[in-house]
Amino acid sequence: MIPYGRQDITQADIDAVAEVLRSDFLTQGPAVPRFENALVDYTGAKFALAANSATSALHVACLALGLGPGDWLWTSPLTFVASANCALYCGAKVDFVDVDPRTYNLCPAKLERKLIVAERDGTLPKIVVLVHFAGQPCAIAEFHELGKRYGFRIIEDASHAVGGRYRGEPIGNCRYSDVTVFSFHPVKIVTTAEGGAALTNSKELAERIALFRSHGITRDPAVMTHEPDGPWYYQQVELGYNYRLTDMQAALGLSQMVRLDEYVARRHTLARRYDKSLVELPVVTPWQHPDSYSGLHLYVVRLERTKISKPHRAVFEGLRARGIGVNLHYIPVHTQPYYSKMGFRKGDYPEAERYYEEAITLPLYPTMTEAQQDQVVAALTAELAT
């Protein structure tokens, strides 16, 4: 089975983790800040806070921005559920904005129309979470202008997009957002096994994120309610969580960061090869915005269903039967049973739903060989011909 994604672990990665295992620190030692500094150096953001997952990073970013009961968070329906769940963790309310049919990212025009109505109704969002779907950056500058006009804060869910660029600058620099979140899950572009990070240019937000990441506990006398009882003293000043990354994971991530640009470049090479190989098939290949350099976490095709005799599911299952580990990213969040109980219904976001009825994620990862890619193309060709 050729998987849709696969991590690349080298001897250097193994040695980096083994070095931590032989050290005095397995959890909160020097490797975590070194990894955070590497993220700062790569992106140009002022602060990076590593976490045990991108979901955790989203949660603490929302908390740091003051999201709470009575507030609204808006995001794309075409994402993993964590992009929306982070609001519910804070007791806030969630709504969605449909996607652009070419980029599959949240549509700026649709957002603006919804903001006009929300301003009239007094339901403007406190936070908008922009999802860089499949690694392609959103039109962040456009959203930034809308944020200034309507008063919402921006979190970039860049779980797919580390290594990507927008208008020539690295995703994660937070030029147009308050916080950017990365994921380092094994199927992502670089990995810490499980892990994530929140990046920001705000010292205040960085301090808040760090606080919520670690139980709400501080050792800083400046934020305590009274002078420390002694050098051992700490205070819990917020209700926080244990969302910390370990030194073992950070060491793996730091070793992987050396190859980040190489990984993304290889993904682009493979994607261009897919583009050429699939040109005669009844599928829509991914469109890339000229302002963007995608991280290319995913390569998603859409079936031109009017030109294909078999159903979407049959093509998907046929590919699996042929040893191709295709996947589908994603089931629109608003159609999930938990969200249906909130009142969301099929038909609410038609572009995301049309995408779901046609999309198949093909295998793409840096160590994929051309022979494996040819096998994927041959299997897809055979499935669409029957």
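Just so it is clear, the structure is predicted and the values come from calculations on it, not from any experiment.

(A) Focus on the packing of aromatic side chains. The full count for this structure, using the stated rule, is 15 aromatic pairs. A ring pair is formed by Phe96 and Tyr349, whose centres lie 5.9 Å apart and whose planes are at 70 degrees; its orientation type is edge-to-face. Here Tyr349 lies in the loop between α11 (337-340) and α12 (350-356) and Phe96 lies in strand β4 (residues 93-96), a separation of 253 residues in the sequence. In this structure, Phe96 and Tyr349 share a single accessibility class: buried. Here the aromatic rings of Tyr339 and Phe344 are separated by 6.3 Å at their centres, their planes lie at 45 degrees, and the arrangement is tilted. Phe344 shares its class with Tyr339; the two are buried. Joined through ring pairs, the aromatic side chains of Phe80, Tyr104, Phe133, Tyr330 and Tyr355 make up one cluster. Seen from the ring of Trp287, Arg102 lies directly overhead, with NZ or CZ sitting 3.8 Å from the centre.

(B) Molecular detail of the environment of Lys188. By the element assignment, Lys188 lies in the loop between β9 (179-183) and β10 (196-200). Distance in space between the C-alpha atoms of Lys188 and Ile360 is 17 Å, their sequence separation being 172 residues. In this structure, Lys188 is in contact with Ser159, His160, Ser183, Arg267 and His297, ignoring residues within four places of it in sequence. Within polar-contact distance, the side chain of Lys188 engages the side chain of Ser183 at 3.5 Å.

(C) Quick look at the pairing of strand β17 (residues 359-362). What you see with β17 is no split at all: Ala359 and Thr361 on one side and Ile360 and Leu362 on the other are buried throughout. Taken together, the four bridges between strand β15 (residues 299-303) and β17 define a ladder with antiparallel strand orientation. Across the sheet, Tyr299 pairs through a bridge with Leu362, a residue of β17.

The rules behind these values
Residues numbered from 1 in each chain as written. Predicted model: local features only at pLDDT ≥ 70, side-chain atom pairs only at ≥ 80, totals over all residues. Heavy atoms only, no water. Phe/Tyr/Trp six-rings, centres within 6.5 Å; stacked < 30°, edge-to-face > 60°. Helix = DSSP H or I, 4+ residues; strand = E, 2+ residues; numbered from the N terminus. Buried < 20%, exposed > 50% of the residue type's maximum accessible area, 1.4 Å probe, protein only. Lys NZ or Arg CZ within 6 Å of the ring centre and 35° of its normal. Contact = heavy atoms within 4.5 Å. Polar contact = N/O pair within 3.5 Å; in protein donor to acceptor, adjacent residues only side chain to side chain. Pairing = 2+ DSSP bridges.

That is the geometry; function is a separate question.
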